[in-house]
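Examining the three-dimensional arrangement
Listed here are the chains, written in short residue letters.
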Protein chains: 4
Amino acid sequence: MSLIVILKPKVTEETIDRVCERIRELGLAPHVSRGDLRTVIGAIGDEAALKQDKLEQIEGVDSVTPITKPYKLASRDFHADDTVIEVRGVKIGGPHAAIIAGPCAIESHALLFEVARQVKEAGAAVLRGGAFKPRTSPYAFQGMGYEGLQLLREAGDQLDMPVVTEVIDPRDVARVSDYTDILQVGARNMQNYNLLMEVGRTDKPVFLKRGLSATIQELLMSVEYIMSEGNHRVIVCERGIRTFETSTRFTLDIAAVPVLLRESHLPVYVDPSHAAGKRDFVADLARAGIAAGAHGVIVEVHSNPDQALCDGPQALLPLEFSRLMQQLRSIATICGKTMA
Amino acid sequence: MSLIVILKPKVTEETIDRVCERIRELGLAPHVSRGDLRTVIGAIGDEAALKQDKLEQIEGVDSVTPITKPYKLASRDFHADDTVIEVRGVKIGGPHAAIIAGPCAIESHALLFEVARQVKEAGAAVLRGGAFKPRTSPYAFQGMGYEGLQLLREAGDQLDMPVVTEVIDPRDVARVSDYTDILQVGARNMQNYNLLMEVGRTDKPVFLKRGLSATIQELLMSVEYIMSEGNHRVIVCERGIRTFETSTRFTLDIAAVPVLLRESHLPVYVDPSHAAGKRDFVADLARAGIAAGAHGVIVEVHSNPDQALCDGPQALLPLEFSRLMQQLRSIATICGKTMA
Amino acid sequence: MSLIVILKPKVTEETIDRVCERIRELGLAPHVSRGDLRTVIGAIGDEAALKQDKLEQIEGVDSVTPITKPYKLASRDFHADDTVIEVRGVKIGGPHAAIIAGPCAIESHALLFEVARQVKEAGAAVLRGGAFKPRTSPYAFQGMGYEGLQLLREAGDQLDMPVVTEVIDPRDVARVSDYTDILQVGARNMQNYNLLMEVGRTDKPVFLKRGLSATIQELLMSVEYIMSEGNHRVIVCERGIRTFETSTRFTLDIAAVPVLLRESHLPVYVDPSHAAGKRDFVADLARAGIAAGAHGVIVEVHSNPDQALCDGPQALLPLEFSRLMQQLRSIATICGKTMA
Amino acid sequence: MSLIVILKPKVTEETIDRVCERIRELGLAPHVSRGDLRTVIGAIGDEAALKQDKLEQIEGVDSVTPITKPYKLASRDFHADDTVIEVRGVKIGGPHAAIIAGPCAIESHALLFEVARQVKEAGAAVLRGGAFKPRTSPYAFQGMGYEGLQLLREAGDQLDMPVVTEVIDPRDVARVSDYTDILQVGARNMQNYNLLMEVGRTDKPVFLKRGLSATIQELLMSVEYIMSEGNHRVIVCERGIRTFETSTRFTLDIAAVPVLLRESHLPVYVDPSHAAGKRDFVADLARAGIAAGAHGVIVEVHSNPDQALCDGPQALLPLEFSRLMQQLRSIATICGKTMA
């Protein structure tokens, strides 16, 4: 249980500090969330409910509301409006849809720049590329590491696209942050809590993928780990869960999109490439994702998938991606969103 | 293993009969499929492959191709073009999309006719309504039975809509067929093989729902049970599978839509109501279904869901359904389909 | 909601009839359960709770208790002691363990009698054999039908073993009952409610397998369908559920054994053969089943599995079965049971 | 693909070094495994098969065999005999069974020492206790950290029991190793590859739990990450997977035990406490685990579970544990194992 303390409009920093101090005195932990109009403070801790009265009496406090959900900062109860995240001029969330595309792994300068130009031209807003690849086998290609990150940064700068890349070790978070605009935490690390806390201490938006067998509630609890460290700019991504069905690599839980949109204020994405595992079905799942209300999809594109070092069979060809973009744009409009 | 025997264009019925007889003499079972241009005969049985040569030599036979998939008649290898099913003037499959809507259960004359008029007005092409309800508990409402069917038939006739209703017992198939235009076999009966064979002996199109934990291949094997009895007009429906996620009643396996479209020639539907189990998510899943390429959705609508005898929480209100229809129409167009 | 009406000791049949009539007058359905010491009547129906007072006042009634579980007759609340089912002198349930073994399908007189003798000698108490096989493919061996049943009856009579066989169609229940001592309802038919009701109207014990994706609660609801028709002799069987793991054919939910033992009074079995799908693991799962508290296991044995018409790869050889029996006997003793 | 290079008996270290060098020259990575009688070297890399001839010609090499399984060092193909791990005099694996028990979390000196004494007395061989707890919620008790480890070390030393504790961050591995005899990697970190590599660089046995939705093959691939860093002493533990069934916290995949025993040479454990999530079922699952062939179980015991800071509802009381130990000892004997 916890309380949301909504402050009066236009309070000073001093007031905010004083309220936080008072919350601490009551044995609760304050989490400050500064909005354009209002500042809101989460007061989290045991028996918070018993202290509602006292919090309401603090000067500068407008109202106090209890949250019963296990996730607090991630909940719509805490932040009723959609969160819109702006990164290098691209808006994500609320009425803004934005497509992320690029190769699964950064393999070479030539490939990365070729694909980057193609997806940019087709209308993608953000460039993706993996430098640290968590692979099931220790004997598989593990990514180019920092050399790859350098290439990704160059591609993003040259094409004026924000970039997103995965970080897999808490020891790498600070250094990876120097190269990327958005930090991705992958499905296998969704409950790597120390990694979540590290990315929660940066000022980069975090793109958090749902674990293969994580419930939606657990996904939001992992968001909570990030947000409770102070970083409130989180994008959540449905990428398929594990079921008995083997026609596709994973089962895209398309209903997770409207569930997340109702439960949380954060932008919601769909990853059709990893869910499908097969090129043939990627476009269908991408359209379904946008139609279900997602703010975007993250798609793997490769100009020569047969030669890809990683996940080639699920990469769209640039031409297929270009056709898909037009359909996504139309469907986004039907769902009340504008695509960047 | 089995063989597909493609006859030369414009062969006579006599030729067809002679080919079938020859197939029987070789110890195989013939399954005739008459197309506009060509007649195709499936020859199914042990060691079919060994008999390919002999089949090719029969007069009137153009070519013979082996099918290795476990489903034969349901496979695209057997029938390359999309199957279009026409029922009371409504076309289902191929480039035709059509929405099925109505109450979960037939509860009364008043309710059924009210909802039927509302969904017809909103653009639904087919009316649904359950008279025999398979309920988890023996103590729950089990449906109005034949009295309900009589009402459904009247509603369909009055509004000039084909109707679909579920049959749950092989002993009821003949009698239920007298009232309905399409026979539904529900998820719990997807592997009730004797029921499948009974509906396979009727001349009514069959609407077959995927079992809660059936693989897509098993769904197509159940289709095969129906088709192997001679009834080739089958519509398959994804309605959610069972997973660990509890935010929705079932997990809609949206990827089943493109997988089924690739594997089979039959029309593919999505049931967003049973998958979601909650009204809030039904429209999102319906849009996703059409965006993924489905030929239609089957939606529960109720004018007073709080009083519904069955599955009220997942029924859309008529106004919600009407709004949804407009979005579905636009998305169907983007996906290359015309909605009836 | 429903009520359990416990009668005073040694009431007459007249009293029982009168209580039932009164229950009906109150709009509830009575279900009589005659114990050695007491007769208990379930009173099931809407708003049963409101009628508790009135039931308590009927002459001959000792006490009335509400049951909140969705299953009533299957619940331990209704019948606190373990149900022991006696069939042809073999006791199943409570402190009695009994092993069921035999071939998957009845294939021939020779094979059936050979295997029957072998499993009898090894210590099996009940003989199994399938005459109607529900197969995924319409082109697979579907069983010998009534001819097979005739053989099974002969084998059982000759070896003085009760026999169990599956029934898959409500139209066959009466006739199959003439041949068998125990009626099996398979996993695929666990929610074939009309079949459940038909077997519930016979006087044969029913061996009900859990569906591939049925929850334990749903299994008990299916038991309730049988019991509410008057047949209280039901054995429930865990046979593996469907999960993402593919090393075995299904995932044996071993915890279902203690859960069922706590929730219900009925005997609980494990089917290690269908769960494993591979001979190598059958003995391990059988031992685990008895160790978890099951009253028995049902094991497929075949003297020549490579030639089996059905499920050969999961059949134990007679020698392997014989060794297993000795381990099972020892483990049953450790778990407080005597093996017949 | 990779090759197993078996050296002749009693080769010198010089020969081993020379073979490794030659393997490297051929573009493969050598992994040395010193047995009592023979030294075996895994040669892993692309196109290993093409180089089999050349390896066979190296002096000191007896034979070369290809392994096609994706896991190499973890495979029985690499190491045919059971691996027995000895830690502080306790033998784990092969014919040796050993029970691990203790509280979920280290909460205080008093509790830890009380429970430790009780489980030691009942016959447990290894003491467990968590100091770093990966919790779903950032607001839950996260463990006592190094202070707790200090207590665990003291308890182990005082009672002469080896201890096992979980490590959750690659940055903590070295320091945690100073306190513990066995390093545990939990289910949520099974695919935290950098953590796996860090524990693979220590000389402590690793107790690796299967992920909630990991296949058995993926579990063995994670073992491979540890072993490929040089640490061949790994114990694998089945602890329940995620399914639709909610009666227990997870579904114990009991068949994983015999599957792992067949595929790998490593000791296999079962965790009945986390699988059940409820005290009532823990003993049943523990017995099933040993009956299925496991080398041991890891059980949570607490002398006052209602006050436990973590997972109290699933902890056995000391008396219950003591009774269980006697049953486990008898079942282990039936399965051909001696319990320490």
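In case you missed it, the structure is sitting above this.
The present account deals with the structure reproduced in this document. (Residues numbered from 1 in each chain as written. Chains lettered and ligands numbered in written order. Predicted model: local features only at pLDDT ≥ 70, side-chain atom pairs only at ≥ 80, totals over all residues. Heavy atoms only, no water.)

1. Quick notes on the overall build of chain A
- Secondary structure assignment for chain A yields eleven helices and 16 strands.
- For 340 residues, the compact-globule formula gives about 20 Å, and the C-alpha radius of gyration of chain A, at 21 Å, lands near that figure.
- On the principal axes, the C-alpha backbone points of chain A span a range of 65 × 40 × 40 Å.
- Taken across its 340 residues, chain A has 67% of its residues classed as buried.
- For chain A, the share of sequence-separated contacts (at least 6 apart) that also reach a separation of at least 24 residues comes to 68%.
- Summed over its atoms, the accessible surface of chain A is roughly 11,800 Å², and 45% of this surface lies on carbon and sulfur atoms. (Helix = DSSP H or I, 4+ residues; strand = E, 2+ residues; numbered from the N terminus. Rg over C-alpha atoms; globule rule 2.2 N^0.38 Å. Buried < 20%, exposed > 50% of the residue type's maximum accessible area, 1.4 Å probe, protein only. Contact = heavy atoms within 4.5 Å. Areas by Shrake-Rupley, 256 points an atom, 1.4 Å probe, with all protein chains shown as cover.)

2. Notes on the side chain of Ser228(D)
- When you line up the elements, Ser228(D) lands in the loop between α7 (216–227) and β13 (234–238).
- Here Ser228(D) falls in the buried class, since its relative accessible area comes to 16%.
- Not counting the four nearest positions on each side in its chain, Ser228(D) is found in contact with Pro138(A), Tyr139(A), His31(D) and Leu73(D).

3. Some thoughts on the sheet that holds strand β3 (residues 39–44) of chain D
All names here are of chain D.
- Taken in spatial order, the four strands line up as β2-β3-β1-β4 in an open sheet, and their pairing is antiparallel. The open sheet has two edge strands, β2 (29–34) and β4 (61–67), and neither has a second partner. Strand-to-strand twist across the sheet, computed as the mean angle between neighbouring axes with direction ignored, equals 20°.
- As defined by bridge partners, strand β1 (residues 2–7) adjoins β4 across six bridges and the pair is classed as antiparallel. Bridged to leucine 3 within β4 is proline 66.
- Taken strand by strand, helix α1 (residues 13–25) contacts β1, β2, β3 and β4, and its axis lies near 155° from that of β2. (Pairing = 2+ DSSP bridges. Axes fitted to C-alpha atoms, helices over the stretch in contact; angles between N-to-C directions.)

4. Side note on the relation of the copies chain B and chain C
- Its rotation angle being 180°, the transformation that places chain B on chain C also includes 0.1 Å of axial translation and leaves an RMSD of 0.2 Å. What the superposition gives is, in effect, a two-fold axis relating one chain to the other. The position closest to the rotation axis in chain B is occupied by the C-alpha of Ser213(B), lying 2.8 Å away.
- A high fraction, 100%, of the interface residues of chain B reappear at the interface in chain C, so the copies pair face to face through one surface. (Least-squares fit on C-alpha atoms with pLDDT ≥ 70 in both.)

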